[in-house]
Amino acid sequence: MGNILIILSAICFSLSGTWVVLLKEYNLDVYTLTAFRLAFSVIFSAIAIKYTNNNFIVSYKELRDLSTFGLGGVATLLLYSAAAYHIPSGLVCLLNFCYPIIVALFSFLLYKEKIGKWKIIASALMMIGLIMISGGGSMNFMGFILGLLSAVTFSIYVLAQEHSTMSKIHGLKIVFYTSLIGFILITFSLIGFNKLLIPTVPYVYFISAIGALITQVGANTCLALGMQKGVSSTKASFLAIIEPAFALIWDKVLFNVSLSTISMIGILIIFSSFFITLKT
């Protein structure tokens, strides 16, 4: 059950870029888009908490971890989107998905988790597949740093799901509090710099709401619940490698983006890495 939840989380996360594409023509900056998505995440997760008869109570230590490690997910969303302004999205995806390797290294160095030969093979296949689907493009220093930082912040977020008090907090509460804190920080920053934009087109709110429901509430709740079912942070990271492959599939299905032969081979290699991880 834990593996299934992690896989569902990755499929939900793979739609993250879709909402950006759908709203691109409205010229909204990444911070405004993130603020709206987080606002809807707060609303939806609060409704779900009430509907499932959970409560909003957290201890001081839990709130502390949610306010620090938990914001790694919000930071990743911002850094990933910002990197896409500097380098092609394929290269951003390639840099961001260094995070399974970072998680494995941190788990080995900090928590003495063994890195078996199959994880090494899966890592090698993952990187080969990612390089093949990245599509190439020019790299600049700022885009490289932002993309790599998004991998680091998400690594921290995933590790915290296993090694902090977040491991005992219901997934919906994690989404609620991290979204709420992130929304407050980003919104006040936008107001302070006089950058807050209020869209007047209902379509923007609709797409932001759907995006929040799937890629924030759905994805993060499944990730937390999956890891609470006993899936380690390292295994969860490697199972999530199907995310960029599904992102390409959604591009093909929804926007009729052409897939090269090399990209399709890369997708198959990524899925081979996924199945090796699933068997370990």
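Report on the accompanying structure. (Residues numbered from 1 in each chain as written. Predicted model: local features only at pLDDT ≥ 70, side-chain atom pairs only at ≥ 80, totals over all residues. Heavy atoms only, no water.)

### Some remarks on the packing of helix H3 (residues 30–51) against helix H11 (residues 202–228)
Thought 1: Running from N to C, H3 and H11 point in directions that differ by 65 degrees, and their axes come no closer than 8 Å. Viewed along their axes, H3 and H11 form a crossing whose handedness is right-handed. Across from Phe36, Arg37, Leu38, Phe40, Ser41, Phe44 and Ser45 in H3, the residues of H11 making contact are Tyr205, Ser208, Ala209, Gly211, Ala212, Leu213, Thr215, Gln216 and Val217.
Thought 2: Considering only residue class, the contact of H3 with H11 consists of nine nonpolar, six polar and one charged. (Axes fitted to C-alpha atoms, helices over the stretch in contact; angles between N-to-C directions. Helix = DSSP H or I, 4+ residues; strand = E, 2+ residues; numbered from the N terminus. Left-handed = near helix turned anticlockwise from the far one by under 90°. Contact = heavy atoms within 4.5 Å. Nonpolar A, V, L, I, M, F, W, Y, C, P; charged D, E, K, R; others polar.)

### Let's talk about the pattern of salt bridges
Thought 1: Per the counting criterion, the structure on display carries two salt bridges.
Thought 2: Note that Arg64 is salt-bridged to Asp65, the shortest N-O span being 3.2 Å.
Thought 3: Lys119 is the partner of Glu113 in a salt bridge, and the nearest nitrogen-oxygen pair spans 3.3 Å. (Salt bridge = Lys/Arg side-chain N within 4 Å of Asp/Glu carboxyl O.)

### Concerning the environment of Ile131
Thought 1: Its location among the elements puts Ile131 in helix H8 (residues 117–133).
Thought 2: Distance in space between the C-alpha atoms of Ile131 and Cys93 is 9.7 Å, their sequence separation being 38 residues.

### So, the nonpolar core
Thought 1: The biggest cluster of nonpolar side chains holds 54 residues, and the ones touching the most others in it are Tyr99 and Leu130.
Thought 2: Examining the composition of this core, we find that six residues originate from one element, helix H9 (residues 141–163), more than from any other.
Thought 3: Not counting the four nearest positions on each side in its chain, Tyr99 is found in contact with Ala151, Phe154, Ser155, Val158, Ser237 and Ala240.
Thought 4: Ala35, Leu38, Val74 and Ile181 belong to the second largest nonpolar core, which has eight residues in total. (Core = buried A, V, L, I, M, F, W, Y, C linked by side-chain atoms within 4.5 Å. Buried < 20%, exposed > 50% of the residue type's maximum accessible area, 1.4 Å probe, protein only.)

### Some words on empty space enclosed by the protein
Thought 1: This structure, assessed with the given rule, holds two cavities of 30 Å³ or more.
Thought 2: Approximately 70 Å³ is the volume found for the largest cavity.
Thought 3: What lines the largest cavity is simply Ile6, Ser9, Ala10, Phe13, Tyr99, Phe154, Val158, Leu223, Ala236, Ser237, Ala240 and Glu243.
Thought 4: Elements supplying a minimum of two residues to the lining of the largest cavity: helix H1 (2–13), H9 and helix H12 (233–239).
Thought 5: Among the elements that line the lining of the largest cavity, the one with the most residues is H1, at four residues.
Thought 6: For the lining of the largest cavity, the residue count by class is nine nonpolar, two polar and one charged. (1 Å grid on protein atoms, 1.4 Å probe; cavity = no way out; pocket = protein on both sides within 12 Å on 5 of 7 lines; lining within 4 Å. Points joined across faces, edges and corners; volume = space filled by probe spheres on them.)

### Digging into helix H4 (residues 60–68)
Thought 1: Every buried residue of H4 is accounted for by Glu62, Asp65 and Leu66. One face of H4 carries all of its buried residues, which in axial projection span an arc of 100 degrees. Those residues of H4 that are exposed and angled more than 90 degrees off the buried face are Tyr60 and Lys61. (Arc of directions from axis to C-beta.)

### Some points on the side chain of Lys173
Thought 1: Examined against the element boundaries, Lys173 turns out to sit in helix H10 (residues 171–192).
Thought 2: The buried charged residue Lys173 lacks any salt bridge, with Glu62 as its nearest oppositely charged partner at 5.5 Å.
Thought 3: Of note is the side chain of Lys173, whose polar atom sits 2.7 Å from the backbone oxygen of Ile57.
Thought 4: Other than its neighbours up to four places away in sequence, Lys173 contacts Ile49, Asn55, Phe56, Ile57 and Val58. (Lys, Arg positive; Asp, Glu negative; His and termini not counted. Polar contact = N/O pair within 3.5 Å; in protein donor to acceptor, adjacent residues only side chain to side chain.)

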